[in-house]
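So the chains spell out like this:
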Amino acid sequence: MTSSRQSAGHGGRDLATLLANGIAQLGLSISDEQQARLLDYQALLAKWNASLQMTSIRDPQQMVVKHLLDSLSILPRLDREPISRILDVGSGGGLPGVVLAIVRPDWQVTVNDIVHKKTAFLTQARATFKLTNLTVVTGRVESLGVGKEVPAPFDAIVSRAFAELRDFVTLARHLLAPGGSFWAMKGVAAEDELTLPDGCELVERLPLHVPFLDAERHLLRVKVTA
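Here the residue numbering is sequential within each chain, running from 1 through the sequence in written order. Reporting in this predicted model follows two pLDDT cut-offs: at least 70 for local features of residues, and 80 or more for side-chain atom pairs to be given and counted; totals over whole chains, interfaces and linings ignore these cut-offs and use all residues. As a convention, hydrogens and water are excluded, and side-chain values are obtained from all of the structure's heavy atoms.

Draft legend 1. Geometry of the UniProt feature "binding site: S-adenosyl-L-methionine" (unreviewed entry) in the chain. The positions that UniProt labels "binding site: S-adenosyl-L-methionine" (unreviewed entry) are, in the present scheme, Gly90, Leu95, Val141, Glu142 and Arg160. Cross-referencing the annotated residues with the largest pocket identifies Gly90, Leu95, Val141, Glu142 and Arg160 as lining it. Every helix listed is a DSSP run of H or I at least four residues long, and every strand listed is a run of E at least two residues long, numbered separately from the N terminus. For leucine 95, the location among the structural elements is in the loop between β1 (85–89) and α5 (97–103). Burial classification: accessible surface area is computed with a 1.4 Å probe over protein chains only, and a residue below 20% of its type maximum counts as buried, one above 50% as exposed, and the rest as partly exposed. A relative accessible area of 8% places leucine 95 in the buried class. Two residues form a contact once any of their heavy atoms are found within 4.5 Å. With near-sequence residues (within four places) excluded, leucine 95 lies in contact with Tyr41, Leu45, His67, Ser71, Asp88 and Arg160. UniProt positions are given in the numbering used here, feature names are shortened, and annotations may be inferred rather than shown by experiment. Definitions used for this entry: grid spacing 1 Å over protein atoms alone; cavity, a set of points where a 1.4 Å probe fits but cannot get out; pocket, an open set with protein on both sides within 12 Å along at least 5 of 7 lines; lining residue, one with an atom within 4 Å of a point.

Below you can see the structure in the form of structure tokens.
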């Protein structure tokens, strides 16, 4: 495996420096050990990506920005919530779920995908990095049952490029704990995507700052009101 400390050539900075600078811009407190694990996770993702094609991004510097820092960009907002259990729907290669599990060990993180090869990778990541707070569940989110595939409902359910907002909320609604929120990571927050099922309300539409990324990103928060 290529060392995660290798020179990156991103403005003369290596990957570790790029990640550390981005974390500083986000105002997050993440230990050196956690940062090293994030880069090792990225290296593992790149290795498996050669055969599984979980991401079209292969440049290591762009993976730091568009995967790691993008996933971390939601934390300044999520850290203000009383989260103990969080579900990442359509996690794919573990973004943002594995990233959250690494940097927030006090959260119980569940990652879900319908593709067995992807959940095999997620299971490998769990074992490699000894993420005892990470649970991997294979299957369609609408088919998961509380007390069956998942032990309890979730305080927060997050998605990153999983589905249209309405579909995301509809499919995962039965897994949300009372008082919990859906958090959808989006690029451009298009108005025509903001229609929701009855009893649900878009309560926040927050622009996200992803360090070193010149692209529009938003975090949409949905609450169940009835």
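Draft legend 2. Representation of the pattern of salt bridges in the model. Criterion for a salt bridge: a side-chain nitrogen of Lys or Arg within 4 Å of a carboxyl oxygen of Asp or Glu. The tally for this structure, following the rule as stated, stands at 7 salt bridges. For glutamate 204, the salt bridge goes to arginine 221, with nearest N and O atoms at 2.7 Å. You can see glutamate 204 sitting in strand β6 (residues 200–207) and its partner arginine 221 sitting in strand β7 (residues 218–224), a full 17 residues away along the chain. When salt bridges that share partners are traced, they join Arg77, Glu81, Glu204 and Arg221 into one network.

Draft legend 3. Representation of the sheet that holds β6. With mixed pairing, 7 strands are arranged side by side in an open sheet as β3-β2-β1-β4-β5-β7-β6. Looking at the sheet topology across the chains shown, the edges are occupied by β3 (134–138) and β6. Looking at each pair of strands side by side, their axes are set apart by 20° on average, direction ignored. When DSSP finds two or more bridges between a pair of strands, those strands are recorded as paired. Summarising the sheet, β1 and strand β4 (residues 154–160) pair through 4 bridges and their orientation is parallel. Bridge assignment links leucine 87 to a residue of β4, and that residue is isoleucine 157. Only the contacting stretch of a helix is used when fitting its axis, a line to C-alpha atoms as for every element, and angles between N-to-C directions run 0 to 180 degrees.

Draft legend 4. Spatial organisation of the nonpolar core. Leu19, Tyr41, Leu69, Leu72 and Ile86 are the most contacted members of the largest nonpolar core, which has 49 residues in total. Not counting residues up to four positions away in its chain, the partners in contact with tyrosine 41 are Leu68, Gly93, Gly94, Leu95, Val98, Val99, Ile102, Phe121 and Phe129. In this text, buried Ala, Val, Leu, Ile, Met, Phe, Trp, Tyr and Cys residues form a nonpolar core when linked through side-chain atoms within 4.5 Å. Grouped together as the second largest cluster of nonpolar side chains are 21 residues, Val137, Val150, Leu194 and Cys200 included.

Draft legend 5. Looking closely at the packing of helix α1 (residues 15–26) against helix α2 (residues 32–52). Put simply, α1 and α2 touch, their axes get as near as 10 Å, and they point 120° apart. Accordingly, the angle class assigned to the pair α1 and α2 is oblique. Viewed along their axes, α1 and α2 form a crossing whose handedness is right-handed. Each of Leu15, Ala16, Leu19, Ala20 and Ile23 in α1 lies in contact with α2, whose residues at this interface are Gln35, Leu38, Leu39 and Gln42. Polar here means any residue other than Ala, Val, Leu, Ile, Met, Phe, Trp, Tyr, Cys and Pro, which are nonpolar, and Asp, Glu, Lys and Arg, which are charged; Gly is therefore polar. Broken down by class, the residue content of the contact of α1 with α2 amounts to 7 nonpolar, 2 polar and no charged. Note on terminology: angles under 35 degrees are roughly parallel, angles over 145 are roughly antiparallel, angles of 65 to 115 are roughly perpendicular, and the others are oblique. For any helix crossing, the convention is left-handed if the near helix is rotated counterclockwise from the far helix by under a right angle, and right-handed if that rotation is clockwise.

Draft legend 6. Just the layout of surface pockets, in detail. Grid points are joined across faces, edges and corners, and a volume is the space filled by probe spheres set on the points. Here the largest pocket defines a volume of roughly 500 Å³. As for the largest pocket, its lining consists of 27 residues, and the residues nearest its centre are Gly90, Ser91, Gly92, Arg160 and Ala161. Looking at which element gives the most residues to the lining of the largest pocket, the answer is helix α3 (residues 60–72), with 3 residues. Tallied by class, the residues present in the lining of the largest pocket amount to 11 nonpolar, 8 polar and 8 charged.

Draft legend 7. How the structure looks around α2. Between the first and last residue of a helix there are one fewer steps than residues, each counted as 1.5 Å, and that sum is the expected span. Under the 1.5 Å per step criterion, the end-to-end length of α2 is 29 Å for 21 residues, consistent within 8% with the ideal 30 Å. Along α2, the residues that are buried comprise Gln34, Gln35, Ala36, Leu38, Leu39, Tyr41, Gln42, Ala43, Leu44, Leu45, Asn49 and Leu52. As for α2, its buried residues are in contact with α1, α3, α5 and α6 (116–128). Backbone geometry just downstream of α2 places glutamine 53 in the positive-phi region, at approximately 55°.

Draft legend 8. The arrangement of the packing of aromatic side chains in detail. A pair of Phe, Tyr and Trp rings is counted when the ring centres sit within 6.5 Å of each other, with Trp represented by its six-membered ring. The angle between the planes then sorts it: under 30 degrees is stacked, over 60 is edge-to-face, the rest tilted. Scanning all chains against the criterion turns up 4 aromatic pairs. Between tyrosine 41 and phenylalanine 121, the ring centres sit 6.4 Å apart and the planes meet at 35°, which makes this aromatic pair tilted. A residue pair is termed long-range when its members are at least 10 positions apart, and tyrosine 41 in helix α2 and phenylalanine 121 in helix α6 qualify at 80 residues. Judged by relative accessible area, which is 0%, phenylalanine 121 ranks as buried. What links up through ring pairs into an aromatic cluster is the set Tyr41, Trp48 and Phe121. When the ring centre of phenylalanine 154 is taken as origin, the NZ or CZ atom of arginine 85, which lies over that ring, is 4.5 Å away. Criterion for a charge above a ring: Arg CZ or Lys NZ at most 6 Å from the ring centre, at most 35 degrees from the ring normal.

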